[in-house]
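Letter by letter, the chains look like this.
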Amino acid sequence: MSNPPVFRFAPSPNGELHLGHAYSALVTDHLARQQRGRFLLRIEDVDGGRARDRFVEQIYDDLAWLGLRWEMPVWKQSDHMQNYAKALDKLKQLDVLYPCFASRREITEHELTKSMPQTPDGYPIYPGIYRDYSPSKAATRIAAGEPHTLRLNMKKAVALALQKTPEISFRERQKDGSYQLVAVSPLEWGDMVLARREMPTSYNLAVVVDDALQGITHVTRGEDLYFATSMQRLLQILLELPQPLYFHHPLLVDMTGRKLSKSDDETSLKTIRATGISAAELCLQLPPLIL
Ligand code: GLU
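Now for a description of the structure that goes with this document. Treat the numbers as computed from the prediction; the structure is a model and nothing was measured.

## Here's the deal with the nonpolar core
Turning to step 1, where the next piece is worked out: The biggest cluster of nonpolar side chains holds 38 residues, and the ones touching the most others in it are Leu91, Leu152, Leu194, Met231, Leu234 and Leu235.
Turning to step 2, where the next piece is worked out: Elements supplying a minimum of two residues to this core: helix H3 (81-93), strand S5 (149-152), helix H6 (154-164), strand S8 (193-195), helix H7 (203-213) and helix H8 (228-238).
Turning to step 3, where the next piece is worked out: Once residues within four sequence positions are removed from consideration, Leu234 is found in contact with Leu152, Met154, Ala157, Val158, Ala161, Ile168 and Pro186.
Turning to step 4, where the next piece is worked out: One finds Phe7, Phe39, Leu63 and Leu282 within the second-largest nonpolar core, a separate group that totals 29 residues.

## A short note on the site of the ligand
Turning to step 1, where the next piece is worked out: Near the ligand, the surroundings consist of Arg8, Ala10, Pro11, Ser12, Glu44, Tyr203, Arg221 and Leu225.
Turning to step 2, where the next piece is worked out: Within the side chain of Arg8, an N or O atom sits 2.8 Å from an oxygen atom of the ligand.
Turning to step 3, where the next piece is worked out: Of the residues belonging to the shell around the ligand, the class tally is four nonpolar, one polar and three charged.

## A short note on the side chain of Arg221
Turning to step 1, where the next piece is worked out: Tracing the backbone shows Arg221 in strand S9 (residues 218-222).
Turning to step 2, where the next piece is worked out: Although Arg221 is buried, it forms no salt bridge, and the closest oppositely charged side chain is Asp211 at an N-O distance of 5.3 Å.
Turning to step 3, where the next piece is worked out: Side-chain polar atoms of Arg221 contact the side chain of Tyr203, separated by 3.4 Å.

## Some thoughts on the sheet that holds S8
The strands that make up a sheet are held in pairs by hydrogen bonds between backbone atoms, and each pair lies either parallel or antiparallel.
Turning to step 1, where the next piece is worked out: Sheet architecture is open: three strands sit in the order S4-S5-S8, paired in antiparallel fashion. In this open sheet, the two strands that pair with only one neighbour each are strand S4 (97-100) and S8. Neighbouring strand axes in the sheet, compared pairwise and without regard to direction, differ in orientation by 45° on average.
Turning to step 2, where the next piece is worked out: Pairing geometry for S5 and S8, over two bridges, is antiparallel.

## Re the packing of aromatic side chains
Turning to step 1, where the next piece is worked out: Under the counting rule described, the total for this entry stands at seven aromatic pairs.
Turning to step 2, where the next piece is worked out: Where Tyr60 meets Trp70, the ring centres are 6.2 Å apart and the plane angle is 25°; that geometry is what we call stacked. With Tyr60 in helix H2 (residues 53-65) and Trp70 in the loop between H2 and strand S3 (75-76), the pair connects residues that are 10 residues apart, well separated along the chain.
Turning to step 3, where the next piece is worked out: Its relative accessible area of 18% is what places Trp70 among the buried residues.
Turning to step 4, where the next piece is worked out: Residues Phe101 and Tyr130 carry aromatic rings whose centres are separated by 5.5 Å and whose planes lie at 70° to one another, so their mutual orientation is edge-to-face. Here Phe101 is found in the loop between S4 and helix H4 (104-109), whereas its partner Tyr130 is found in the loop between H4 and helix H5 (135-143), with 29 residues between them in sequence. Tyr130 carries the same exposure label as Phe101, and that label is buried.
Turning to step 5, where the next piece is worked out: Through pairs of rings, three or more aromatic residues link up here, namely Phe170, Tyr226, Phe227 and Tyr246.
Turning to step 6, where the next piece is worked out: Taking the ring centre of Phe101 as reference, the NZ or CZ of Arg141 above it sits at 4.3 Å.

Analysis parameters
- The written sequence of each chain sets the order in which its residues are numbered from 1.
- Since the coordinates come from a predicted model, pLDDT governs what is reported: local features require at least 70, and pairs of side-chain atoms require 80 or more to be given and counted, while whole-chain, interface and lining totals use all residues.
- To obtain the side-chain values, all non-hydrogen atoms of the structure were included, while hydrogens and water were left out.
- What makes a nonpolar core is a set of buried Ala, Val, Leu, Ile, Met, Phe, Trp, Tyr and Cys residues whose side-chain atoms join them at distances within 4.5 Å.
- Here the term buried applies to any residue with accessible area under 20% of the maximum for its type, exposed to any over 50%, and partly exposed to those in between, with areas from a 1.4 Å probe on protein chains only.
- A helix here means a DSSP run of H or I that spans at least four residues, while a strand means a run of E at least two residues long, and both kinds are numbered starting from the N terminus.
- Every residue pair with non-hydrogen atoms within 4.5 Å of one another is taken to be in contact.
- Consider each residue's heavy atoms; a residue with any of them within 4 Å of a molecule or strand counts as near.
- Any N or O atom pair separated by 3.5 Å or less is treated as a polar contact, with the protein-specific requirement of one donor-capable and one acceptor-capable atom, and with residues adjacent in sequence counted only for side-chain atom pairs.
- Amino acid classes used here: Ala, Val, Leu, Ile, Met, Phe, Trp, Tyr, Cys and Pro are nonpolar; Asp, Glu, Lys and Arg are charged; the rest, including Gly, are polar.
- A residue counts as positive if it is Lys or Arg and as negative if it is Asp or Glu; His and the chain ends are not included.
- Salt-bridge detection follows one rule: a side-chain nitrogen of Lys or Arg within 4 Å of a carboxyl oxygen of Asp or Glu.
- Here the rule is simple: two strands pair whenever DSSP picks up at least two bridges between them.
- To obtain an axis, a line is fitted to C-alpha atoms, over the contacting stretch when the element is a helix, and the angle between two such axes runs from 0 to 180 degrees between their N-to-C directions.
- Aromatic pairing here means that ring centres of Phe, Tyr or Trp (its six-membered ring) are within 6.5 Å. Orientation follows from the plane angle: under 30 degrees is stacked, over 60 is edge-to-face, and everything else is tilted.
- Two conditions define a charge sitting above a ring: the NZ of Lys or the CZ of Arg must be within 6 Å of the ring centre, and it must be within 35 degrees of the ring normal.

Below you can see the structure in the form of structure tokens.
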């Protein structure tokens, strides 16, 4: 018998879960059940500056209230930092990383930044200030303890990936349940930061490492992460990791058509639960789980 498919819900504990998270978790659980698959929960808490234990507890509580059950133990990214360090080392060996000493502010104010196109999430692409910096000067500054980030040399990384595979693409679930191959270009992200002192991995790196280590076969998440998939597929190719199938479901929006946000108290599950509504009643108000 073949192994069952493996699904995951992967919230970041940096705020209250809102209705959109509830919907995402329910869609994932629904697909897992439909395909007799496993449902895993992953706590994405690598951002030590924002992640809070009380939000982790609240996530468990909210998901249990929704009627969801997940396998134990829960995978917490902060317990697996050594795996992200190993992946980073592998990228260093491939010679696709370089140190950047510019602060966020220096980058924002840099003359070149002003004329750069935007990344899919709306920031100017990093203009490559330290891309061709002397490796020996960089080594001296690092040895002196100067803060820096590690950036992916995107053009080099894409060229290397294209030596390993004819195109960078992923399989996305369609409305009829079939999967369609989508070709993507991670070049649109520019030289992304993969590690910084206060956060020695990035979201994209930790996600691809964990999806592989947890044996995830199906990534189900909101449409807002659709464009991140190009970056994640690039890292999977470079790190020689298996590729899951993807489903980026539509996002829930508020009355004004705006995407729900963690800072919006009214749509937080905690606030909604406090009104006395039952999980079953709430589910009836959500869009169908599969559109
Ligand atoms: N942790 C991410 C979030 O809460 C989701 C990551 C993913 O599903 O790939 O937005």
